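# Fold and contact review
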Amino acid sequence: MTRFLLRRFLHMIPTVGGVLLITFILFNLVGGSPALMTLGDKATPLQLEEFDEVRGFNRPLLFGWRGPTRALPFTDFTQSLGPWSAWPEATLDSRGFLSLPGPATVELPLAFLLFPNATYELKVRYRSDQPVKVHHAMLPAASDWQVQTLRIEAGDTADERRIRMKVEGTRFELAEVDLFRRMDSPWHSQFTYYLRHLARLDFGVSHSANEPVIDLLKSGIVPTLLLATPILFGELLISVVFALICARYRNRWPDRLLLVLSVALMSVNYLVWIVAGQYLLAFKLGWFPVWGFESWHYLLLPVLIGTLHGLGSNIRFYRTVMLDEMYKDYVRTAFAKGAGEARVLFRHVLPNAMIPVITNVVLSLPFLYTGSLLLESFFGIPGLGYLSVNAIHSSDVDVVRAVVLIGSVLYVVANLIADLLYAWVDPRVRLS
Amino acid sequence: MSANETLPARKGVWSILWRGRLSRVCLLVVGFYTVVALAGEFHCAWHKIQDTLPTYQRQQLDQRFQPPGPGHWLGTDALGRDVGLRLVQGTRIAFRVGIITSLIAIPIGVLLGCLAGYFRGRVDDVIVWLYTTFASIPGLLFILAIAMVVGKGLLGIYLGIGLTTWVGVCRLIRAEVMKHRDRPYVQSARVLGLGHFRILFRHILPNVSHVIIVAFTLRFPASIGTEVFMSFLGIGVQGEPSWGIMINNARLRLWEGVWWEMTFVTLAVFFIVLAFNLLGDALRDALDPRLQATEEG
Amino acid sequence: MAIARIYETLVEYDYHERPYRLQPLLAEKMPEVSEDGLTYRFRLRSGIFFSDDPCFAETGGEGRELVAGDVVYSIKRIADRKNASTGWWAFRSRIAGLDAFREASEGDGPTDYDLEVEGLRALDRYTVEITLVKPYPQLMWILAMTYAAVVPREAVEHYGAAFNHRPVGTGPFRLASWRRNYRLEYHRNPAWERSGREPVGLNRMVDLVVADPATRWMMFLNRQLHLTGVTRDQWESVVRPDFSLAPSFVERGIRLEVNPSLRINYIAFNMDDPVVGPNRALRQAMTSAFNTAEWLTLHNHAVVRPPGPIPAGLAGYDPEAERFPFDLDRAREWLAEAGYPGGRDPQTGRRLSLTLEFGRADDQELRQAAELIQQFMARIGIELNLVFQHGPAFFERLERRQAQMFYLGWIGDYPDAENFLQLFYGPNVSPGSNRCNYRNEDYDRLFEQARILPDGPERTELYRRLAAIIIEDSPWILASQPMDVVLVQGVEGYRSHSFPYGMEKHLRLSGGGDR
């Protein structure tokens, strides 16, 4: 058993690793800047950059030397010069580049001074009849379009934190320009930053709430469990009872009726349950509050709806489980020995069917945690589902990522428990 | 056992379904919806070619909240748009989602499932790792997250649902292929010196194709449900009358007794999902009673 | 807004007076302003106490008296770079020495709040003097905003990062519990009464954030809420065309409060865009194609169409200012003049296709409005593509000047037209508040002239001229100025206000329960 446990435990590692990787890749590609969302639209680029610096968003994604910076926001010459028009005599060529007659000394239109003692990379596509001095580096002369990347070492003083260009020749043309932050090490990436923080159970900061994600999760877990636990067990109890009835009267009218009913229940969209429940039971009849989470009776309606919704598929599942059991030899033997139907059902079938039932319950435990997204967001139960839906609406990446990640890890763990349960009940499993 | 112990040919499937009374009704219902969806598609395409505003988008502010009656059989909505016409478009979108997500999920699932089941070893390990990883991520959140990344709109829905639901298909196909790979007909093909891919896709795949049909009927209603849900939350379809959007709109005036939009949309969703669920059951019974309801949403 | 229930400012808005007027709150009387308009001297009321809190270690948790040093500290705190305050724009380059203080706050060490700021001094226990670098008559409005709320240094230092969740103020209420984006509960602040002020009427107040309008409405009808707005879909059943309440609601004891908001919603053209930017006739054509009557019908006349960029209720507003009223024939003429006869580009023969972007994706009403705008433009042959996206992605596109056209609103920070006119001021272009990237040297010059003038006919005249330039150049299609409409049941003393900072102290329960 110990060896099995160990082996099974080792199996978890690649899965968890996969989940980490997938969630990271998925969420760090999302559009919209967390900095902008947190600081509002009156924030300056510098404030945004500082925010990114603290939260590690200005690093390469997985691996690499280059991170983004907001210091040079306007780099597209296809339509206008934007702030580059501050360069005296600079003109926009209709073919999409900036043209500057020389000789001239100009300064790049940075949104703010470069960070002191940081290293940047300036990538340009240009033409020039003479070399151009940029900061402390040199762009060689280029008769045709050429791409060059220069290292810019920002110093301490304000003067050293600007980028000056000294054009010696008669004409300097700039088609593309990009400024990057150069990292001290290619491992200084968002991914390693993420893993390092995860190891400390730091799930990041929600940009819409401006609070650590872990605090949001903690405050959301209680309402979620209060809602999801009764649904889980209510559903289990009711559907097992109905499944037993089906098994008892298999292929006779109660079974048929329940089957038809459960297919019908399954076919009603979750939304319809919720909308109708809120409108009829809460609003029209006034039996339940419409929305909110002030006391326990605010939970009644969501629990009722959640239970009803899951009932259809659960009855069918447990019915199959019971019937599978009914056709086994020992049941036939029991019947042959003349045992009563009820006795067979409760003494033989039910205990044996408990294994798949319990497995099913264990496997649905992780869903307790994400709760019912729709129920929570609709009825205003401030749990993790409510949190997640809001987070998705406001592109709150850190929150969604944390919820997904923890949900996945719980699922992996639940799987492990289910497997162990099987192995414990049926020793043959351990050998396979 | 020989190669011809294979399962009912496709023609057989249809005749089995047609013979059952209930499944015949279901087939007719699905057929009806398909026609409606195609009509919606033509309607939409026609207006696109003509470069005009489709009738289902036409707002008539003096015709707001008209109850069902002549002119508007199913009534009008908050902007005086015809509920019936919008329902047709909702059907179109639901079918698009059902079909396109299947076209994404099923090929991925089948390909990976076949490879894993046939080659076993390293290939199997990698694919099992991939689908275990995907299966571990909470389904709905995963879909919503992908949609959030891709951006709102149909593309987000297609990719969100398509890229997460191949797992079930993959698992079923893998199990079936594993059963077949040691069967005599496969072994004799191998003795004849046929290439692996030829054996896999020309000989084994046709014998496990019933899994694909069952998987399709199971995931079709599930993806419709997910689409309705996502559009309701405002993450799904944009600017087009999806069923989810219609339900959300219909709620606004329910308190005043504007019942028609809600009722008709609800019924439309219910009947198509019911028909598919019943068909799925019938198919499963006909094709392979051992396949269990392992796929739910 | 909500924070103003807990904190107070030197001056506040008069609750009843219209047009809006300021009155002293923490200050004993309105400040003495020097001749040159640069120095403001405030005398504080004595005997105002902060609410009891463990952070006041010296007094054993009892709230101490508010003094002049607190005012100075609070404004320095906004300037502190480490706080990344969203309110910094209100003080930037205004107060002598404050920008230097901000520069000094940069770096790793803790900010030195004892650093003198020349223009921000506590002369004695109850006197504060603020010195400006150049005249800035809007300062008084700024001082009534929540950014200028007075906070005790002890609490900030005691709670650190958690201070936002543990506010300690002098206001009428204190925060009892808080769940962000969901629910806030306030209780009356005993320190308020200890400061010798009239007791507030409510013991407890709960704010709920119910995003879904249908749910909100059902809650209100079921008396789960005391105050709610009226969404467009409910409007015609609730509010009659003359802004009175439908009788069935009056019978239920519900009251209706109407007040024009200081908000303008507009469709902006990105002036950096190569198609719409240089083509004034095109912008004018599109402005003329905007069907006011249908637009107002869609909004149930819950909005008015502003004739210019200055909303009704502010000095400089001119009801006659509109230059391009709805006129399809004129719109088509202008469109032809713009180089697109019949909406088609004669060179390619294709329809003119423009993109209008929205920063919200889950708003049904906005969506309907968007579709209507689309139809307006379709009638003169312009194809308008609608793009809905999440706020952050949207603003990032604006910041990068990538959106061709966008729909946005501006809510006045204070009741002065300057706050709206600065949205077209050249130096404010993206990523600043001039999101349409409008640049006009004449305009900038006039604006610089106007904004330092004190309130008076001379300034009003300049404001009108500025507005006229904008109307002519049409960088915006002015869409709507909404009316704030609130339904009230079970509470008395409610009055609609555009700047309701802390005004809940005037409420009294007629029944009982929460908000």
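Per chain, residues are indexed from 1 in the order of the written sequence. Chains and ligands are labelled sequentially in the order written, the chains with letters from A and the ligands with numbers from 1. For this predicted model, a pLDDT threshold of at least 70 governs which residues receive local features, and a threshold of 80 or more governs which side-chain atom pairs are given and counted, while totals over whole chains, interfaces and linings are taken from all residues.

### Describing the overall build of chain C
To qualify as a helix, a DSSP run of H or I must reach at least 4 residues; to qualify as a strand, a run of E must reach at least 2; elements of each kind are numbered from the N terminus. Each helix and strand in chain C was counted, giving 16 helices and 19 strands. With the principal axes as the frame, chain C shows a C-alpha extent of 80 × 55 × 45 Å. Think of it as a crowd count around each C-beta: if 20 or more other C-beta atoms lie within 10 Å the residue is buried, if 12 or fewer it is exposed, and in between it is partly exposed, with C-beta placed from the backbone throughout. Taken over 515 residues, chain C has a buried fraction of 45%. Residue pairs are scored as contacts if the distance between their C-beta atoms, which are placed from the backbone, is within 7 Å. Contacts spanning at least 24 positions in sequence make up 67% of the contacts within chain C whose residues lie at least 6 apart.

### Some points on the overall build of chain B
Broken down by element type, chain B carries 11 helices and 0 strands. Starting at the N terminus, the α and β elements of chain B follow one another as α-α-α-α-α-α-α-α-α-α-α. Here the C-alpha coordinates of chain B stretch approximately 75 × 45 × 40 Å along the principal axes. Buried residues in chain B amount to 51% of all 297 residues.

### Examining the packing of helix α10 (residues 341-370) of chain A against helix α13 (residues 397-425) of chain A
Residue and element names in this part refer to chain A. At a minimum axis distance of 8 Å, the contact between α10 and α13 shows a crossing angle of 165°. Taken together, the axes of α10 and α13 are roughly antiparallel relative to one another. Remark: the crossing between α10 and α13 carries right-handed chirality. Only V403, G407, L410, Y411, A414, N415, I417, A418, L421, Y422 and V425 of α13 make contact with α10, whose side of the interface consists of I355, I358, T359, V362, L363, L365, P366, Y369 and T370. Residue classes in the contact of α10 with α13 are distributed as 16 nonpolar, 4 polar and no charged. Note on method: axes are straight lines fitted to C-alpha atoms, helices fitted across the in-contact stretch only, with angles between N-to-C directions ranging 0 to 180 degrees. Note that the term roughly parallel is reserved for angles under 35 degrees, roughly antiparallel for angles over 145, roughly perpendicular for angles of 65 to 115, and oblique for everything else. By convention, the crossing between two helices is left-handed when the near helix turns anticlockwise from the far helix through less than a right angle, and right-handed when the turn is clockwise. Note on residue classes: Ala, Val, Leu, Ile, Met, Phe, Trp, Tyr, Cys and Pro are nonpolar, Asp, Glu, Lys and Arg are charged, and everything else, Gly too, is polar.

### Some points on the environment of Y330 of chain A
Residue and element names in this part refer to chain A. Its place among the elements puts Y330 in helix α9 (residues 329-336). Take Y330: there are 12 C-beta atoms within 10 Å of it, and that puts it in the exposed class. Sequence separation of Y330 and V344 is 14 residues, and the distance between their C-alpha atoms is 9.9 Å.

### So, the sheet that holds strand β6 (residues 132-134) of chain A
Sheets are built from strands paired through backbone hydrogen bonds, the pairs being either parallel or antiparallel. Residues and elements named next belong to chain A. Here 4 strands make up an open sheet; going across it, the order is β4-β9-β6-β7 and the pairing antiparallel. In the strand order of this sheet, the two ends are held by β4 (104-107) and β7 (137-139), each with one partner. Averaged over all adjacent pairs, the angle separating strand axes in this sheet is 20°, with direction ignored. Strand pairing is assigned whenever DSSP identifies at least 2 bridges connecting the two strands. Relative to strand β9 (residues 164-167), β6 runs antiparallel, the two sharing 3 bridges.

### Focus on the sheet that holds strand β4 (residues 39-43) of chain C
Residue and element names in this part refer to chain C. Pairing is antiparallel across the open sheet formed by 4 strands, whose spatial order is β3-β4-β6-β5. Only two strands of the sheet have a single partner each, and these edge strands are β3 (32-33) and β5 (120-124). Taken together, the 5 bridges between β4 and strand β6 (residues 127-131) define a ladder with antiparallel strand orientation. Residue pairing for β6: F42 is matched across the bridge by V128. Its contacts with the sheet put helix α1 (residues 68-79) on β5 and β6, and the angle it makes with β5 is roughly 175°.

### As for the interface of chain B and chain A
Each partner contributes to the interface: chain B provides 35 residues, whereas chain A provides 39 residues. Counting residues per element, the ones that place at least two in the side of chain B that touches chain A are α4 (121-136), α5 (139-150), α9 (196-232), α10 (243-251) and α11 (260-287) of chain B. Within the side of chain B that touches chain A, the residues separate by chemical class into 25 nonpolar, 8 polar and 2 charged.

### A few points about the confidence of the model for chain C
Residues and elements named next belong to chain C. The predictor reports its confidence for every residue as pLDDT, a score running from 0 up to 100. Summary statistics for chain C give a mean pLDDT of 89 and a share of 98% for residues scoring 70 or more. Counting interchain partners and residues more than four positions distant, the pLDDT-below-50 stretch residues 511-515 has 9 contacts. Scored as a whole, the predicted complex attains pTM 0.79, and scored at its interfaces, ipTM 0.83.

### A closer look at the interface of chain B and chain C
Interface size is commonly expressed as the accessible surface area that is lost when the partners come together. Counting residues at the interface gives 19 residues for chain B and 23 residues for chain C. Tallied by class, residues from the side of chain B that touches chain C come to 6 nonpolar, 8 polar and 5 charged.

### Focus: unusual backbone geometry
Of note, the bond from R18 of chain C into P19 of chain C is cis; its omega dihedral lies within 30 degrees of zero at -5°. With respect to the element layout, P19 of chain C can be found in the loop between β1 (11-13) and β2 (22-24). A positive phi angle is found at N117 of chain A, which is not glycine, with a value near 60°. Tracing the backbone through its elements, the reader meets N117 of chain A in the loop between β4 and β5 (119-128). The phi angle at N437 of chain C is positive, at roughly 60°, despite the residue not being glycine.

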